Every structure is written in C-alpha cells, then in structure tokens.
Amino acid sequence: MTTALTDLDAPGLLAAASEAQRESRLADVRQLEVLSAWAAIHSSDPTEGPDGQVARRTGNVLRQVGGDGTPGVQDFCLGEIAWARGASATSTQNALADVLDLEHRLPLTWAVCRRGECEVWVARKVARMSRQLSRDRVGLVDRAISRMIASEGAGRVLAVAEAKVIEADTELHEERREEERRRRYVGLGRTDEHGLRTLIARLEAGDAAAVDAVVHRVAEIIAPRHPEAHPDEMRAIAFGWLARPAELFALLLEHAEPEGESEAESAPADEESAERREALARALAFPADLLNALRSLDLRPLRPKAVLHVHLHEAALHAGDGVVRVEGLGPVTLGRLAELLRHYDVKVQPVKDLSGRVRYTAYEHPESLRDQVHLVNVGDYWPYATSTSRRVDLDHPTPYDHGDEGRDPPPDQTGPHNSGPLGRRHHRWKTHAGFRSRQCGAGRYVWLSPNGLGFLVDHTGTHPIHPEEARMIFEAPPGVDIYVA
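Overview of the structure. Only a predicted model underlies this, so the values are computations on that prediction, with no experimental measurement involved.

Points about the sheet that holds strand β14 (residues 445-448)
Phase 1 of the analysis: Pairing in this open sheet of 4 strands is antiparallel, and the strands run β13-β14-β15-β16 from one edge to the other. The sheet terminates laterally at β13 (436-439) and β16 (461-465), the two strands that pair on one side only. Mean inter-strand twist for the sheet, computed between neighbouring axes without regard to direction, equals 20 degrees.
Phase 2 of the analysis: Pairing analysis gives 4 bridges linking β14 to strand β15 (residues 454-458), with the strands arranged antiparallel. Across the sheet, residue Tyr445 finds its bridge partner in β15, namely Val457.

So this is what it looks like as structure tokens:
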C-alpha cells in the first residue's frame, strides 16, 4: 500500500477506488487496442506477392478470427504477440476476435468501453454471443447493449444480449438450437471408493424442469424418513426413486394431492404401442392385471405442478415469432414457448394491475404484494445488482417502525410504496452496515453509502448522482418524489 493511500480518509479512498476501477477498464481497453493495432499491421494477404508460394506452403494464411465483416489477420502473427502478452495463443486469438468484433460490428458498445464507463469483459462476452450473426443484423444487438451496459449489472446486460441475438435472426437461432439438441447426452462417472457415482445429463430445459419437479415432490414426501439428511442429500435420495418406477408410482399415488389451481401442469405421456407396453412390463416385471389397472387410472392428480412466468411485449406478438422471457429458462421465441407448453394443461392467470396502491400495517409482505414488487422491479434493487430472481428478501427502504410499549406501529408502512427486493447479503449490508435507501417512485430508489456516495436506481439501471442530490431526495417530505433535472 502506498503512503499516499494510507493518508486518505474514507471518502478519499472511495474516490480512489472509483478512479482505480476506471483506470482498470481503460487498461483493458488499451490491451485490446494493442492487439487490434498488431492485427492491422499483419492484415495483408501473405499468399500474394513474390513470396506467395512460400507462404502457401508453410501455412501462413489470412484468417478471419472475428465475425462477419471483420478484417483477416495472418495466422503466424498470433504466436509472437501471445509471447509478448505472457498468454496462450488461444486466449490471445479469442481476445483479438473480441476486439475486432467490437470495433467493426459493435462500434456503439466499443465507444462506451473506450470511455471507461463499463466492464470490458461484459462487452467481450456480448461480442462472442453475437458472433454468429451477419454484419447487417448485429446492429440490433449493438444499439440495445450500448444504451444499458454502463448503467446495468452484468447479468441483466447479458440477458438482454441473449434475447437480442435471438431476435436479430430467429431462423439462425433455431438452426443452432437443433445443432445443440443433437449434443444431448446422459453420462455416468466412475463409482468411487464410497460406492457413490455421478450422473450427468444434458437435456431439454423443459424435461430437466419436469425431472426437478418430480425429485422435489418425492423429497417432500420421504423427508420424515430421513430426519438427519440435509437438503442436497435428500434430493439425491429422491432422485434414486426414479430408478424404481413401481415404487415411485405407489409413493406418488399414496400421497397424491387433490386437484388444485395451477398455471401449468404436465400432461401424461403419449400413448405407447402395445409392443412397447409389453416390453416395459417385462423390464419392470409388472403383472398384466396391474398394467390393466394402471391403464384405467386417472393420472392427472400425479402431474407435477408448476408456475410459469412469461414476460412479453405486444410487439413480440406482432413480430410473428418474437422473443419472450421465461423466468428460470431465459429468452425464447414464441414458437419455442408454444412447443414447451404443447404437452401441458395451461391455466392463464389474470394480468396483475401494477398500479394498485394496497397498503398494510403488518411488517410481513403478503404473497400478492411480493409478486407485484417483483414485476415492477424485476430483481434486486441494490445498485448494479445482477440478480433477477424471485428468491430475495423484501425490504422496507424506509425502515419499518415496530412501535414500542404502549404505542402501536404506524399504519400503512408495508406496500408497493415502501418495498424493494434485496438479496440476502445486500439486505444484511443495508440493515447493519450503514447503507440508506428511500423509495421515491414506482421502481425508483435513491441510495446513500456510509461515506456519502449517492446512486439512483430505476427502470433504466443504476446512475451515480451527487451526494447532495441524494440527500435532497432523502429529505423530501413523505409522499413527495423529487426528480432532479
């Protein structure tokens, strides 16, 4: 640690941290610019000119390491620059491909990087995600990402990038999806000295979710039989029941829940041929009379139940095969969503009115309010947070007043006017580490750090603001929301 840093107070160190972060980003940009300049002086075709025959024999050809529209680079030049960087040729080629894509295919995003306003690794990942797109289609990704990469967390930026890549060329996306489907597999590892074995599967997301739902249900049923098992161990035990379908069927039938309301339920398997049923009966040693009895049973009470949250804009419907976001699965096309739901009984719940102003005196947030707060905020409201999960705490930005002896809590403290989702660690920091927040509009929050850093978080992302502006918003009378020009 330098002497200059040890002489700084807390606000000075915070300012130094911000400056160091910007310098680090600019240093990353500088590394990529050096690679780009190196490629520029090695961009001529080595197979042309008087030494062309020699070059052709030795293999020094012009390669296009980036996407469509990027210049080529001589293959032999990569090794030397990799040495100079102290890196492998593969990582150097990957970095070179990324910077060429940013310069020639994503210029708006690259301009944000060069100003030191965003993390370069996020921009590089967007370049890799969009590399398969043609040059005339990648602009859709560039325009969307350049508007948000400086103000949103990495997770949210990459989620939007994934959706925009699909939207830019849905036909290409479907071709690539079919290629990946042909790479599905189930693999078994070796049995270890403890008699345990690892099973790995790569399968359709919908099938994986269905298997997970069955495992979760079995774990709930058998939990009383294994009081000492931790949750992960319990799920492993439940997964083993899938290998015993007769016992599994009896277990699920014994504990079948009555038909209840759900938004999506799995349908029974397609009707199998008689030969397939006979082969299955032999494999499982099912008596014929039991199989006949099973055929007559109504299996609907055994269907795993799930709630599917789908986010879409009306423009996606007009686009024909637009892109929608499914919580837990990510962005998919409308055609893929229809395929996902084809074998399910679907019940569509009414659209929630997010303008509702319900208020509660109790400290706890009811489920209806929790759902409304998530739909408005779509994730953690901590500055630059990346999580969009529903598995968060619901915080009172203005701390809840529990009252005291002889005094009841003030009314109407809990509601969409004073609620924000926070991850557990962020919630702990806000509660115990001196961070302050106030809700100043629907989905709009102001923050002050212990040493006076100010941020505004809203539907457009996270924005640093002057501490005095943050304090002005904080000190406004209750019910008054200030918007600084």
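Things to note about the sheet that holds strand β9 (residues 330-333)
Phase 1 of the analysis: Overall, antiparallel pairing links the 3 strands, which are arranged β7-β8-β9 in an open sheet. The open sheet has two free edges, formed respectively by β7 (310-311) and β9, since each of these has just one partner strand.
Phase 2 of the analysis: Taken together, the 2 bridges between β7 and strand β8 (residues 323-326) define a ladder with antiparallel strand orientation. Each residue of the ladder has a partner; that of Val310, found in β8, is Val326.

Topic: the packing of aromatic side chains
Phase 1 of the analysis: Across all of its chains, the model carries 7 aromatic pairs by this definition.
Phase 2 of the analysis: Judged by centre distance (5.1 Å) and plane angle (35 degrees), the ring pair of Tyr381 and Trp447 falls under tilted. Taken together, the positions of Tyr381 in the loop between α18 (367-377) and β11 (393-395) and Trp447 in strand β14 put the pair 66 residues apart, joining distant regions of the chain. Taken individually, Tyr381 and Trp447 each receive the classification buried, so the pair is uniform in this respect.
Phase 3 of the analysis: Seen from their ring centres, Trp382 and Trp429 are 5.5 Å apart, and the 55 degrees between their planes marks the pair as tilted. Separated by 47 residues along the polypeptide, Trp382 in the loop between α18 and β11 and Trp429 in helix α19 (residues 424-432) bring together distant segments of the chain.
Phase 4 of the analysis: Trp382 sits in the buried class, given a relative accessible area of 12%.
Phase 5 of the analysis: Site record: aromatic cluster; members linked through ring pairs are Tyr381, Trp382, Trp429, Phe435, Tyr445 and Trp447.

Some remarks on the packing of helix α11 (residues 205-222) against helix α12 (residues 231-240)
Phase 1 of the analysis: Where α11 meets α12, the closest approach of the two axes is 8 Å, and the angle between their N-to-C directions is 105 degrees. As judged from the angle between their axes, α11 and α12 are roughly perpendicular. Judged by residue contacts, Val211, Asp212, Val215, His216, Val218, Ala219 and Ile222 of α11 engage Met234, Arg235, Ile237, Ala238 and Phe239 from α12.
Phase 2 of the analysis: Its residues placed into classes, the contact of α11 with α12 shows 9 nonpolar, 1 polar and 2 charged.

Criteria and thresholds
- Residues numbered from 1 in each chain as written.
- Predicted model: local features only at pLDDT ≥ 70, side-chain atom pairs only at ≥ 80, totals over all residues.
- Heavy atoms only, no water.
- Pairing = 2+ DSSP bridges.
- Helix = DSSP H or I, 4+ residues; strand = E, 2+ residues; numbered from the N terminus.
- Axes fitted to C-alpha atoms, helices over the stretch in contact; angles between N-to-C directions.
- Phe/Tyr/Trp six-rings, centres within 6.5 Å; stacked < 30°, edge-to-face > 60°.
- Buried < 20%, exposed > 50% of the residue type's maximum accessible area, 1.4 Å probe, protein only.
- Parallel < 35°, antiparallel > 145°, perpendicular 65-115°, else oblique.
- Contact = heavy atoms within 4.5 Å.
- Nonpolar A, V, L, I, M, F, W, Y, C, P; charged D, E, K, R; others polar.

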